[in-house]
Amino acid sequence: MMDYESFKKELIERLKEFLPEKYREWEITVSKVPKVNGYMESVNLMPSSEDFVAVPNLYVSELYSFYQDCKDMEQVLEKTADFFVKGMEYVAGMAAKVELGNPQEKVIMALVNSEENKELLAHVPNRSLLDLSIIYRIMVELPDATFNSAIITNDLADKFELSEPDLYDMAKENTPKLMPRAVDFASDDFYILTNKYRTLGAAVMLYEDVLADIADEFDNNLYVLPSSIHEVFIVPDYVKGAEELRQIVAEANATVVKKNEILSDKVYFYEKKSGKLSIV
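Parameters at a glance
- Residues numbered from 1 in each chain as written.
- Predicted model: local features only at pLDDT ≥ 70, side-chain atom pairs only at ≥ 80, totals over all residues.
- Heavy atoms only, no water.
- Helix = DSSP H or I, 4+ residues; strand = E, 2+ residues; numbered from the N terminus.
- Buried < 20%, exposed > 50% of the residue type's maximum accessible area, 1.4 Å probe, protein only.
- Contact = heavy atoms within 4.5 Å.
- Areas by Shrake-Rupley, 256 points an atom, 1.4 Å probe, with all protein chains shown as cover.
- Pairing = 2+ DSSP bridges.
- Axes fitted to C-alpha atoms, helices over the stretch in contact; angles between N-to-C directions.
- Phe/Tyr/Trp six-rings, centres within 6.5 Å; stacked < 30°, edge-to-face > 60°.
- Lys NZ or Arg CZ within 6 Å of the ring centre and 35° of its normal.
- Salt bridge = Lys/Arg side-chain N within 4 Å of Asp/Glu carboxyl O.
- Core = buried A, V, L, I, M, F, W, Y, C linked by side-chain atoms within 4.5 Å.

Caption draft 1: Focus on the overall build of the protein chain. The secondary structure content of the protein chain amounts to 8 helices and 13 strands. Taken over the C-alpha atoms alone, the protein chain extends approximately 65 × 45 × 35 Å along its principal axes. Looking at the protein chain as a whole, 43% of its 280 residues are labelled buried. The contacts in the protein chain between residues at least 6 apart in sequence include a share of 56% that link residues at least 24 apart. Working note: accessible area of the protein chain is about 15,000 Å², and carbon and sulfur atoms make up 49% of it.

Have a look at this one:
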């Protein structure tokens, strides 16, 4: 069985053999795609013209895992080629239905852990918040009631001629509109705070008056538990002690939450009177 690097080399060398003729002149490149809490190495096929603005990412680690299971390189190459072709068909279909319009109206915010994303934060506009960082994404709503989004890098921000304060102001206004808050009730005193997509929903806690309204409802200070980058849990501070809540978050991160979706091991305290958020 090949190791990862040998597998990647053969994947690059032989993939075109399994693609339709029209893709065989395309250039194969390898890039690191920024992800929350890390990067994923991707093989991409790029056209010589600029007719296409998006192509599917072929993540090498996922393909290598499939190879380790099936132990058949021919099968991997067939599957990869099929995925690429179907991906191109999907991208073309969505592009025909979606208009980006004014990109400034599509800027949204997301939260990531600062320590775990040092490399990413060096290449993207961001703003610190406790042990977290606010980053920005371009969001496009799709006709199938889902959405796609891409992280705004420094290069992309320069292209749009947008500073970090510009992006923050846009995201602060756009995100609640494009990704309205959703509250699920696990119990009378346990709220799950996210957005209507249940994706990148931890940023909802930054929406204007969201925590203030919940604190008013309980008439109490709050603990905010970072369940993942997609949601946070809200409990009034009389339910459990801070140490017990920290243990719950740490255990969930270690056993349940996917590594690329972990937000923090910390627990946050929202003081009703001052409206301030702090680490417990």
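Caption draft 2: Geometry of the sheet that holds strand β13 (residues 276-279). The strand order β8-β9-β11-β10-β12-β13 describes an open sheet built from 6 strands, whose pairing is antiparallel. The strands lining the two open edges of the sheet, one partner per strand, are β8 (181-187) and β13. Averaged over all pairs of adjacent strands, the angle between their axes in this sheet comes to 30°, without regard to strand direction. Where strand β12 (residues 268-271) and β13 come together, 4 bridges link them in antiparallel fashion. Across the sheet, F269 pairs through a bridge with S278, a residue of β13. Running at roughly 130° to strand β10 (residues 222-228), helix α7 (residues 210-218) makes contact with β8, β9 (190-195), β10, β11 (231-236), β12 and β13 of the sheet. Across the sheet, helix α8 (residues 242-255) lies against β10 and β11, angled at about 10° from β10, the strand it touches most.

Caption draft 3: Representation of the environment of K9 in the model. Mapped onto the secondary structure, K9 falls in helix α1 (residues 4-14). Since its relative accessible area comes to 51%, K9 is described here as exposed.

Caption draft 4: The arrangement of the packing of aromatic side chains in detail. A complete count under the given rule lists 11 aromatic pairs for this structure. Here the aromatic cluster, defined as three or more aromatic residues joined through ring pairs, consists of Y4, F7, Y64 and Y67. A cation sits over an aromatic face here: K79 above F66, 4.9 Å from the ring centre. Positioned above the aromatic ring of Y168, the side-chain terminus of R127 is 3.9 Å from the ring centre.

Caption draft 5: Looking closely at the pattern of salt bridges. The final tally for this structure, using the stated rule, is 16 salt bridges. Measuring nitrogen to oxygen at the nearest pair gives 2.6 Å for the salt bridge that ties E13 to K9. Taken as a pair, E13 and K9 lie in helix α1 at a separation of 4 residues, close to a single helical turn. Residues E13 and K9 agree in their burial class; the two are exposed. One salt bridge connects E74 with R14, and the closest N-O pair in it is separated by 2.6 Å. Of this pair, E74 sits in helix α3 (residues 73-97) while R14 sits in helix α1, and the two are 60 residues apart along the sequence. On the basis of relative accessibility, which here comes to 36%, the residue E74 falls in the partly exposed class. One network of salt bridges, in which partners are shared, links E10, R14, E17 and E74.

Caption draft 6: Region of interest: the nonpolar core. Within the largest apolar cluster, 49 residues are counted, with the highest numbers of intra-cluster contacts made by V107, L111, I135, Y136, M179, M205 and I234. If we ignore the near neighbours within four places in the chain, the residues touching I234 are D189, F190, Y191, L193, L211, I214, L222, Y223 and V224. F7, L58, L63 and L77 belong to the second largest nonpolar core, which has 23 residues in total.

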